[in-house]
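Each chain, letter by letter, is given below.
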Amino acid sequence: MKRQTLRRLTMVTVVAFLAAAMWLQVHRDNSRAQQQMLSALDEANITHVELAFRGGPRTSWTRRDGTWRLDGSPGTAVDQGRLEDLVNLAVAPVASWRPVSDFDVTKLGLAPPLATLRLDDTTLEFGEPAAIGQLRYARVGERIALIPLQALPRPDKATH
């Protein structure tokens, strides 16, 4: 009887240890994935978008009842797909992060940026393509990211 109890206790301990190890690995993978995105924003919860291109006016939209609306012109038709593309830039994959202090931001096309995208309270600035690879510079706060070259807000077809 004691031998059976000892086996069960050992088996429960091993299973608990394996479950804890798996949970820890998933948690670490999720944390790494979060660190390798342009922001930690959940794109489904973003409700306000502002976009400005270098030398151009700022345009803003608000999401209400699942639909994007142009601020200041509620009756104006909005390209919903374009707004979803802008919101999805929040989770653009990042090849690497470095502190702003490592760069001359003017040489990266970030002073001023090619495009500035504000998603709720987070500002993303997009710069020039990097010299190597299919990457572009982006600034988030005091960090510079290398992101895919195509990760850049697109202008509205009607105005550009």
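The following paragraphs examine the structure supplied in this document. Not measured: the values here are computed from a predicted model.

**Remarks on the overall build of the chain**
From N to C terminus, the chain includes two helices and eight strands. Taking the intrachain contacts of the chain between residues at least 6 apart in sequence as the baseline, contacts between residues at least 24 apart amount to 52%. Carbon and sulfur atoms form 58% of the exposed surface of the chain, whose accessible area is close to 10300 Å².

**Observations regarding the pairing of strand β6 (residues 122–129)**
Pairing of strand β5 (residues 115–119) with β6, which is carried by five bridges, proceeds in the antiparallel orientation. From the neighbouring strand, T116 faces β6, where its bridge partner is E125. Adjacent in sequence and paired antiparallel, β5 and β6 are bridged by two residues, among which D120 carries a positive phi angle near 55°. Linkage of β6 to strand β7 (residues 135–140), two consecutive antiparallel strands, is achieved through a turn of five residues, within which G133 is found at a positive phi near 70°.

**Section: the packing of aromatic side chains**
Per the stated rule, a full pass over the model turns up one aromatic pair. Seen from their ring centres, F103 and Y137 are 6.0 Å apart, and the 65° between their planes marks the pair as edge-to-face. With F103 in the loop between β4 (96–99) and β5 and Y137 in strand β7, the pair connects residues that are 34 residues apart, well separated along the chain. In this structure F103 comes out as partly exposed when scored by relative accessible area, which is 23%. Lying across the ring of W97, R143 places its NZ or CZ 3.7 Å from the centre.

**Here we look at the pattern of salt bridges**
With the rule as written, the count across this model stands at eight salt bridges. Between R63 and E84 there is a salt bridge, with the nearest N and O atoms lying 3.4 Å from each other. Of this pair, R63 sits in strand β2 (residues 58–64) while E84 sits in helix α2 (residues 80–88); the two residues are 21 residues apart in sequence, bridging distant segments of the chain. For E84, a relative accessible area of 29% puts it in the partly exposed group. As a salt-bridge pair, D102 and R98 come within 3.1 Å of each other at their nearest N and O atoms. Classification of R98 as partly exposed rests on a relative accessible area of 40%.

Reading guide: rules and limits
Counting restarts for each chain, with residues numbered from 1 along the sequence as it is written. Per-residue local features are limited, in this predicted model, to residues with pLDDT of at least 70; the limit for side-chain atom pairs, both in listing and counting, is 80 or more; totals at the level of whole chains, interfaces and linings are taken over all residues. As a convention, hydrogens and water are excluded, and side-chain values are obtained from all of the structure's heavy atoms. Strands here are runs of E lasting at least two residues and helices are runs of H or I lasting at least four, both read from the DSSP assignment and numbered beginning at the N terminus. Residues count as neighbours in contact if any of their non-hydrogen atoms are within 4.5 Å of one another. The Shrake-Rupley method, run with a 1.4 Å probe sphere, supplies the accessible areas, and residue values consider only the shown protein chains as cover. We call two strands paired when DSSP finds no fewer than two bridges between them. Ring geometry is summarised as follows: Phe, Tyr and Trp rings, the Trp one being its six-membered ring, pair when their centres sit within 6.5 Å, and such pairs are stacked at plane angles under 30 degrees, edge-to-face over 60 and tilted between the two. The buried label goes to any residue with under 20% of its type's maximum accessible area, the exposed label to any with over 50%, and the partly exposed label to all in between, with areas taken from a 1.4 Å probe on protein chains only. The rule is short: NZ of Lys or CZ of Arg within 6 Å of the ring centre and within 35 degrees of the ring normal puts a charge over the ring. Each reported salt bridge corresponds to a side-chain nitrogen of Lys or Arg within 4 Å of a carboxyl oxygen of Asp or Glu.

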